[in-house]
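# Residue-level structural notes
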Amino acid sequence: EEHEHLLQAAVEQAEGLEHNLRSAEAMLLERTAQLKDTQAQLSRSKAMMEDLREENRGFAAALQAAELKQKSAEEKNRLLEEQASALKQLIGRLTPASLSG
């Protein structure tokens, strides 16, 4: 009878361990699925970051081109202002001469 009681206790202990093992396996499967989801999200984030970097490089190049055009326009404007000033001085010199002549 004592042997039977020990055998029953061993069976119950084995069943408890089997239940714990199944619970652990289920938890590991769930955690594995979560980690795969996280990895997929990280991969998507990495791809998005690379796309943003590429887009940023394009914006930087466009900004640089715009700055060069602005500098060129400013230089042309300065030259035109100098020419206008020179023309005004020339007209100023010519006008009194034509009025007196």
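Calculation rules
- Residue numbers run consecutively from 1 along every chain, following the written order of its sequence.
- Since the coordinates come from a predicted model, pLDDT governs what is reported: local features require at least 70, and pairs of side-chain atoms require 80 or more to be given and counted, while whole-chain, interface and lining totals use all residues.
- Side-chain measures were taken over the full set of non-hydrogen atoms in the model, leaving aside hydrogen atoms and water.
- UniProt positions are given in the numbering used here, feature names are shortened, and annotations may be inferred rather than shown by experiment.
- In this description a helix means any DSSP run of H or I spanning at least four residues, a strand means any run of E spanning at least two, and both kinds are numbered starting from the N terminus.
- Exposure classes here rest on a 1.4 Å probe applied to the protein chains alone. A residue is buried below 20% of its type maximum, exposed above 50%, and partly exposed in between.
- The accessible surface values rely on the Shrake-Rupley method and a 1.4 Å probe; as for residues, cover is taken only from the protein chains in view.
- Each patch is built from residues lacking any salt bridge and having more than 30% relative accessible area; the joining distance is 9 Å for like charges and 5 Å for nonpolar side chains (Val, Leu, Ile, Met, Phe, Trp, Tyr).
- We define a salt bridge as a side-chain nitrogen of Lys or Arg found within 4 Å of a carboxyl oxygen belonging to Asp or Glu.

The name an unreviewed UniProt entry assigns to the protein chain is NINL protein, from the organism Turnix velox. Database annotation for the protein chain, UniProt heading Subcellular location (unreviewed entry): "Cytoplasm, Cytoskeleton, Microtubule organizing center, Centrosome".

## Here's the deal with the overall build of the protein chain
The helix and strand tally for the protein chain stands at 1 helix and 0 strands. The principal-axis extent of the C-alpha atoms belonging to the protein chain is close to 145 × 15 × 10 Å. Burial statistics for the protein chain: of 101 residues in total, 0% are counted as buried. In the structure as shown, the protein chain presents an accessible area of about 9500 Å², 60% of it carried by carbon and sulfur atoms.

## What about the UniProt feature "coiled-coil region" (unreviewed entry) in the protein chain?
Under the local residue numbering, the UniProt record ascribes the feature "coiled-coil region" (unreviewed entry) to residues 7-90. Secondary structure across residues 7-90 comprises 100% helix and 0% strand; the distance between its end C-alpha atoms is 122 Å.

## Re a nonpolar patch on the surface
There is a patch of nonpolar side chains on the surface, built from Leu87, Leu90, Ile91 and Leu94 and spanning about 390 Å² of accessible area. Mapped onto the secondary structure, isoleucine 91 falls in helix H1 (residues 2-100). For isoleucine 91, a relative accessible area of 51% translates into the label exposed.

## Considerations on the pattern of salt bridges
The full count for this structure, using the stated rule, is 6 salt bridges. Overlapping salt bridges bring together Glu50, Arg53, Glu54 and Arg57 as one network.

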